[in-house]
Each structure stands twice: as structure tokens, then as C-alpha cells.
Amino acid sequence: MAERYDVAIIGAGPGGYVAAIRAAQLGMRAACIDKRASLGGTCLNIGCIPSKALLQSSEKFAEAKKGLAEHGVIVGDVTLDLAAMQARKGKVVETLTKGVEFLFRKNKVDWLKGSARIAAPGRVTITGDGNAQEIEAGAIVIATGSEPTPLPGIAIDEQRIVTSTGALALDHVPERLAVIGGGYIGLELGSVWSRLGAQVTVIEFLDRILPNMDRELGPALQRLLSRGGIKFKLSTKVVGAQPGNDGVSLTLEPAKGGERESLVSDVVLVAIGRRPLTDEIGLDEAGVKRDGGGRIPVDENFATNIAGIYAIGDAIAGPMLAHKAEEEGIALVERLAGQKTAVEYDAIPSVVYTWPEIAAVGKTEDELRAEGVEYRVGKFPFTANPRARTNGDTDGFVKILAETGTDRVRGVHIIGPDAGTLIAEAALALEFGASAEDIARTCHAHPTLEEAVKEAALAVDGRAIHI
Ligand code: FAD
């Protein structure tokens, strides 16, 4: 007889595994199914975690090479042991994926290994290692995540023409790396290999990098990354890739058309975005609707058009971010348990872990203008922040957008040291509906980078102290 669960979750990424643990905490019998050999999905295995491990290691390498002398710390010849760096990354990933295994055991979540297909509402077939198993579930949750979007006409081999997965696993530093796509994945991985010695060129179709973020941030980051040696080709499209003895030759064309040129690289990273992974689980047969991009439309309960089938994370609309998937996983199972949990989509931060980092939450200036919202801007540069001075990291600024009249904070955009940590305060402010004055009147410890956030809030009302 088929095992019966209250909830069967397909996908053990941050959306799925967190939903499974929370469901178990709420007293549900939960199964989490994944075809991958380890838990944690894209995020832990081939996404957030290995990329941040390499960013951290490469930053230390770059700092030892160039940044320490300024502090009076003189080191001898700095050399790279890439195998050791990659092994460390692997260890970090293993520790964290094993940590999820431990949490599953602790919470009595059943981890079912194999590829899942929805056989019918309430029934899931799992195939793996030559065996097939069917389970029954009161609720089925699709948390199958996403995969890299391919570029038509360019064949990925994960050796010379790679996705982020291949770029995280290179066993040598390429002399020349071309990155197709100026989004956060391309910029983070481009930074890693640039710091380790590659000559990196980022090719972006649009006229600025990070096109979805506040329009001041992309150009500011571009200037700083250019200073570090990364080259940029904006408003440029890649129309072909030809692997040869001397490397991969990319054919480039101005986005608006015009004369073509070629760019030869040893490795090409295709990082033009990600698309939902929703075509392997039998959705059409089950009658579950998808939009043109493969995303699954859901209502406020994360319910699809078919009763008993739900979806979260990268498989549905919204930013493809691990913490967004987690919030949705929790909200979904709490709603299944009768609670009224909701996700505050306006308060979901996004971070680009380059150096300096970029972090944002809430609306951009363009979005506020499009909505007809009047706002005031408070801006504060890290050059005027004492802690940034002591650290020697003075690039960037904090920008706060507050609605005129109510003073309510509508967006916070930061480029600067540890922006990814600083944004937490701003996310809390948005979640609580805080005003810029609330931030400005909150005592911030001295000397900290956080004081730049307070000063930007003061600047909304034209009363920053240190500029
Ligand atoms: P996923 O994590 O993609 O997990 C889905 C799981 O479902 C996978 O393990 C897959 O094997 C499984 N699955 C799919 N189909 C089936 C099936 N039929 N049967 C069984 N199992 C199946 N986000 C951040 O917030 N911060 C970051 O710093 C960050 N960095 C990133 C860096 C890179 C290089 C990449 C690629 C992504 C990064 N992301 C980051 C994005 C983040 O990884 C995703 O948004 C997040 O993992 C989505 O979570 P999810 O649970 O929806 O799906």
C-alpha cells in the first residue's frame, strides 16, 4: 500500500526543505523528494553557498595580494592553491547539506530520493535507482526551482562554455573569461575569477549592468569593478560562439544592430538568467497551468488551479532568491495549518555579493515614479562614515527613498562595504512600515557602517550631520 503523507514536497531547495521542516513542526507528516544526491537544492549545492565560499576565498587572495600593504601588513609572495580553495568550497557545501539531513532526521521529515512526477492530484510517483514508488499526499507542493536559461545557438559543455555550475567548478584560472550577462550571477562569478587572475569581460545586452536595480547602482558598481580590471561591453549581444584551438570565439553585435566583432576567450560563462524547472513533473497531464515562461500561477494560498497542488520558490513568479523561496515555503504550510501567514513581497531584500556589495529592498526611483508616488531622497556616502575610513572601504553610498508627506520608507539602495548585512535594518523598516525619521531617531552604535544608514535617513530631511 502507498505511504500516505499530509504533505509531499517535490524539491529540497530552500523553498522545499524549509517548508518540510515547518510542516513537521506543525504536526504534519511530511515527505521531501529530490533527485539530487544531497539536500539543499540549487542554493546549497550549486548556487548561493558555493559561490559565496569562492567569493570569500578569492577576496582573501586579492586582499593578501593588494590590500594588506595599506594597513602596514607586508606579506611575501602570495600564491594560489586553487585545488585547496575548491576543496574548501566542497567542504562548506557538504557540511551545510548534511546539516539539512540532520534537520530532517530531527524533525522526522522523510527524504525520498528520486525524480518525482505528479501521477494525479494526491499521488506522486518517485523513480530512482531503477525503482519506482508511489506515495499519497493530502497536499503536493511543487518546489522544483530553476535552471540556467540557455542562449540559443550556444552549446554548453560545462568545460569551455559553462553555466554557473561549471564556473563554480573550474580547476584552473582561465586566462580570458567572457561573461555573457551583467546580472548578479555573472558579476559575482566574474569577480571570483578576476580576483584570481583572469582577464574578465562582461557582455550585457542592455545599456547598464544590474538593469533591475535602482539605476544609480549598476553604473556605480561598473566603475568600481572596472577599476579592479573587469571590462564591460554594454548594449552588445552575442550572436554566436565558435570553439577552436585558441579558445572560444564569440561573435558580438551592437544590440541595435551594426558591425560585428569577435572576442576570443578561454572560458565563456553564460549567465543570462534562470528559468523555472517545471516541465519534468507531469504538470500538463495533471492539468496544472503554467505561464509562457514556465512559471506556475498561484493564488495567495500558493494554490495552483488544481485542488491540492501548490507551488513556491523559483517555480512561481517573483524574484528568484533563496530567502523568498523560504518565506513562501513557510507561509504555504502555515496556511495549510489554518494560519494567515503572508509574504511581504515589498520587503524582500536582494544582494549582489561583489566587492563592494550591492543591496536593495523596496521600490526603485523608477518604480515609485511609475506609480506616481512622490518621494524624498536621502543619500550618504561611505567616504563620510568613520568606520568605512578605519576599514579602508569607503566606496559607495546609502540611498533612502521616503514617501513625501508620510515619510514612510519605500526603498533603500546601498552600494558599499557589507551592504548585504546593512540591508537587514532597511528590510525590517519596510516590514514595520517605518518612516525615515524612525531610522534617523534610532541610536546606532559608533563607529559602525550602520551609521551610514542613519545618516541617509537624516539626509531625507536635509539634516545629515557628517556631510
Ligand atoms: P532550488 O533550490 O532550485 O531547488 C529545487 C530542487 O528541486 C533541486 O534540488 C532539484 O534537484 C529538485 N527537483 C527539480 N525537479 C525535480 C523532480 N522532478 N523530482 C525531484 N526533484 C526535483 N539566491 C539568493 O537568495 N542568494 C544568493 O546569494 C544566491 N546566489 C546564487 C548563485 C548562483 C550561482 C545561483 C545559480 C543561484 C543563486 N541564488 C541565490 C538563487 C537561489 O539558489 C534560488 O533562488 C533558490 O535555490 C530557489 O530555491 P527553490 O527551493 O525554489 O529551488
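Note: the structure precedes this text.
Residues numbered from 1 in each chain as written. Predicted model: local features only at pLDDT ≥ 70, side-chain atom pairs only at ≥ 80, totals over all residues. Heavy atoms only, no water.

Caption draft 1: Looking closely at the environment of Gln242. Position of Gln242 relative to the elements: it lies in strand 12 (residues 236-244). Taking the C-alpha atoms as reference, Gln242 lies 26 Å from Arg208; in sequence the two are 34 residues apart. Here Gln242 is in contact with Gly247, Val248 and Ser249, once residues within four sequence places are set aside. (Helix = DSSP H or I, 4+ residues; strand = E, 2+ residues; numbered from the N terminus. Contact = heavy atoms within 4.5 Å.)

Caption draft 2: Structural detail: the sheet that holds strand 8 (residues 161-162). Spatial strand order, 8-15-9-10-11: five strands in an open sheet with parallel pairing. Of all strands in the sheet, those with a lone pairing partner are strand 8 and strand 11 (231-233), marking the two edges. Pairing geometry for strand 9 (residues 176-180) and strand 10 (residues 199-203), over five bridges, is parallel. Its bridge partner being in strand 10, Ala178 is matched across the sheet by Thr201. (Pairing = 2+ DSSP bridges.)

Caption draft 3: Representation of the layout of surface pockets. By volume, the largest pocket amounts to about 1200 Å³. Lining the largest pocket we find 47 residues, and of these Gly183, Tyr184, Pro211, Asn212 and Met213 sit closest to its centre. Mapped by element, the contributors of at least two residues to the lining of the largest pocket are helix 6 (184-195), strand 12, strand 18 (350-352) and strand 19 (357-362). (1 Å grid on protein atoms, 1.4 Å probe; cavity = no way out; pocket = protein on both sides within 12 Å on 5 of 7 lines; lining within 4 Å. Points joined across faces, edges and corners; volume = space filled by probe spheres on them.)

Caption draft 4: Looking closely at the nonpolar core. Ranked by size, the top nonpolar core spans 57 residues in total, and within it Ile33, Phe104 and Ile135 carry the most contacts. Tallying contributions element by element places helix 1 (residues 14-25) first for this core, with seven residues. In this structure, Phe61, Leu189, Leu269 and Phe397 belong to the second largest nonpolar core, which totals 37 residues. (Core = buried A, V, L, I, M, F, W, Y, C linked by side-chain atoms within 4.5 Å. Buried < 20%, exposed > 50% of the residue type's maximum accessible area, 1.4 Å probe, protein only.)

Caption draft 5: Main features of helix 12 (residues 419-431). Taking 1.5 Å of rise per residue, 13 residues should cover 18 Å, and helix 12 covers 18 Å from first to last C-alpha, within 8% of that figure. Within helix 12, the full set of buried residues consists of Ala419, Leu422, Ile423, Ala426, Ala427, Ala429 and Leu430. On the buried face of helix 12, the contacting elements are strand 18, strand 19, strand 22 (409-416), helix 13 (436-440) and helix 14 (451-460). Trailing helix 12 by a residue or two, Gly433 shows a phi angle of about 65 degrees, which is positive. (Expected span 1.5 Å × (residues − 1).)

Caption draft 6: Examining unusual backbone geometry more closely. Cis geometry is adopted by the peptide bond preceding Pro356, which originates at Trp355 and carries an omega value of 0 degrees. For Pro356, the position within the fold is in the loop between strand 18 and strand 19. Pro447 follows His446 through a cis peptide bond whose omega is -10 degrees. Here Pro447 lies in the loop between helix 13 and helix 14. You will see that Glu158, though not glycine, has its phi angle at about 60 degrees, which is positive. Turning to its location among the elements, Glu158 is positioned in the loop between strand 7 (146-148) and strand 8. On the basis of relative accessibility, which here comes to 29%, the residue Glu158 falls in the partly exposed class.

Caption draft 7: Quick peek at the site of the ligand. Around the ligand there are 40 residues in total, and Asp34, Thr42, Lys52, Ala116 and Ala322 lie nearest to it. Note that an oxygen atom of the ligand is positioned 3.4 Å from one of the backbone N or O atoms of Pro14. Considered on its own, the ligand offers 1000 Å² of accessible surface; in the complex 97% of this is hidden by protein. At the level of elements, helix 1, strand 2 (30-34), helix 2 (41-46), helix 3 (48-67), strand 4 (115-120), helix 6 and helix 9 (322-336) are the ones that each hand at least two residues to the shell around the ligand. Examining the composition of the shell around the ligand, we find that four residues originate from one element, helix 2, more than from any other. Looking at side-chain class alone, the shell around the ligand contains 18 nonpolar, 16 polar and six charged residues. (Near = heavy atom within 4 Å. Polar contact = N/O pair within 3.5 Å; in protein donor to acceptor, adjacent residues only side chain to side chain. Areas by Shrake-Rupley, 256 points an atom, 1.4 Å probe, with all protein chains shown as cover. Nonpolar A, V, L, I, M, F, W, Y, C, P; charged D, E, K, R; others polar.)

Caption draft 8: Local environment of the packing of aromatic side chains. Overall, the coordinates contain zero aromatic pairs when judged by the stated rule. Across from the ring centre of Tyr5, 4.2 Å away, lies the NZ or CZ of Arg29, which sits over that ring. The side chain of Lys113 reaches across the aromatic face of Trp111, ending 4.4 Å from its centre. (Phe/Tyr/Trp six-rings, centres within 6.5 Å; stacked < 30°, edge-to-face > 60°. Lys NZ or Arg CZ within 6 Å of the ring centre and 35° of its normal.)

Caption draft 9: Expanded view of the pairing of strand 12. Two elements, strand 12 and strand 13 (residues 247-254), share eight bridges in a ladder whose sense is antiparallel. Paired with Val238 across the bridge in strand 13 is Leu252.

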